[in-house]
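The primary structure of each chain is shown beneath.
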Amino acid sequence: MELVLDKLTKQFGRKTAVDEMTIRMKPGVYGMLGANGAGKTTLMRMICGVLNPTRGTVFLDGKDVENLGEDYRNLLGYLPQDFGYYPEFTAENFMLYVAALKGIAPQNAKIRSKELLELVGLTEVSAKKIRTYSGGMKQRLGIAQAVLNDPRILVLDEPTAGLDPKERVHFRNLIADFSKDKIVILSTHIVSDIEYISDTVLMIKDGKLIINRPAEHIAHEMDGKVWRCVVRKQETEAISRSFCVANLHHGDDDTVILRVLNDESPLQGAVNETPTLEDLYLYHFQSDIAEYRGSNR
């Protein structure tokens, strides 16, 4: 199975949300990173047929998905950022309702719904109304309904939002099990989730694909660009204005330990450190971070 996005473009008036994006995807987990407004959600909605592209095409095994129609949609599972649910439904009833919409036979729907509610840890509350659920429980229900039809292509937009660390680990394990022989596309602002789950990292900035690399090697693109600097406390603000500071830690005395991202040594005595995916993300989006910091002063 191969899903191909060929020069996929989406414009809203003068704004280009997704700009001629070309990606080839085979079974595996594709983690999508980008700042708010980068185009991730728009791209996912085009993959799922919720939005029509301005230009470009989505192909599945060489066939235009628009021509495949219902056959393509039957292969999809989709969890949007805010998935729709009926607050007065119980989880059991909601899953059966979604199963009916997806054309799953009633007997199979009951068995599959029960299995998935157990898998996401909602069995004990499956007879309770969704309005009584916490944010994390609703998100787990959203994940369950997305895989109800055992999709070959699973698209998850911010799936770990609202999940506590334990739930996130459970979710990552679910995805690892589920992704065998399937294409899983997920976006999240939690870089560690991408790091643990993804086979391939897709980084999007201003609607353009800037990185498409295997996850296991991607952090090495930052080799020689991550620095440990020990400075006096009063120097911290000036250095933060001049360089991208990924982290700071106050020492026992009047010193601060900075993690600085820069092509060359930022200060005398700076020492290289092992890079992470978060370093790579911050490096490429440092202008957005600087703008955010400035707006909050």
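As a starting point, this report considers the structure included with it.

Rules of the game
Residues numbered from 1 in each chain as written. Predicted model: local features only at pLDDT ≥ 70, side-chain atom pairs only at ≥ 80, totals over all residues. Heavy atoms only, no water. Axes fitted to C-alpha atoms, helices over the stretch in contact; angles between N-to-C directions. Helix = DSSP H or I, 4+ residues; strand = E, 2+ residues; numbered from the N terminus. Parallel < 35°, antiparallel > 145°, perpendicular 65-115°, else oblique. Left-handed = near helix turned anticlockwise from the far one by under 90°. Contact = heavy atoms within 4.5 Å. Nonpolar A, V, L, I, M, F, W, Y, C, P; charged D, E, K, R; others polar. 1 Å grid on protein atoms, 1.4 Å probe; cavity = no way out; pocket = protein on both sides within 12 Å on 5 of 7 lines; lining within 4 Å. Points joined across faces, edges and corners; volume = space filled by probe spheres on them. Core = buried A, V, L, I, M, F, W, Y, C linked by side-chain atoms within 4.5 Å. Buried < 20%, exposed > 50% of the residue type's maximum accessible area, 1.4 Å probe, protein only. Salt bridge = Lys/Arg side-chain N within 4 Å of Asp/Glu carboxyl O.

1. Considering the packing of helix 4 (residues 91–101) against helix 5 (residues 106–119)
Interaxial distance between helix 4 and helix 5 falls to 10 Å at its minimum, and their mutual angle equals 130°. Classed by the angle they form, the pair helix 4 and helix 5 counts as oblique. Once helix 4 is placed against helix 5, the crossing between them reads as right-handed. Residues Ala91, Glu92, Met95, Leu96 and Ala99 of helix 4 form the contact with helix 5, whose participating residues are Ala109, Lys110, Ser113, Leu116 and Leu117. Split into classes, the residues belonging to the contact of helix 4 with helix 5 amount to seven nonpolar, one polar and two charged.

2. Some thoughts on the layout of surface pockets
A volume near 540 Å³ is recorded for the largest pocket. Tyr78, Val98, Leu101, Lys102 and Gln145 are the residues nearest the centre of the largest pocket, which is lined by 18 residues in total. For the lining of the largest pocket, the secondary-structure elements that each account for two or more residues are helix 3 (70–73), strand 6 (76–79) and helix 4. Element by element, the count of residues in the lining of the largest pocket is highest for helix 4, at four residues. Along the lines of polarity and charge, the residues of the lining of the largest pocket split into nine nonpolar, six polar and three charged.

3. Description of the nonpolar core
Residues Leu141 and Leu156 are the most contacted members of the largest nonpolar core, which totals 54 residues. In this structure, Ile23, Tyr30, Leu60 and Leu76 belong to the second largest nonpolar core, which totals 27 residues.

4. Points about the pattern of salt bridges
For side chains of opposite charge, pairing can occur when their charged atoms come near one another. All chains considered together, the criterion is met by 17 salt bridges. Linking glutamate 88 and lysine 129 is a salt bridge whose minimum nitrogen-to-oxygen distance equals 3.0 Å. Taken as a pair, glutamate 88 in the loop between strand 6 and helix 4 and lysine 129 in the loop between helix 5 and helix 6 (135–146) lie far apart in primary sequence, 41 residues in all. On the basis of relative accessibility, which here comes to 45%, the residue glutamate 88 falls in the partly exposed class. Among the salt bridges present, the one from glutamate 273 reaches arginine 228, with a minimum N-O distance of 3.9 Å. Of this pair, glutamate 273 sits in the loop between strand 14 (271–272) and helix 11 (277–284) while arginine 228 sits in strand 11 (residues 226–232); the two residues are 45 residues apart in sequence, bridging distant segments of the chain. With relative accessibility at 34%, the residue arginine 228 sits in the partly exposed group.

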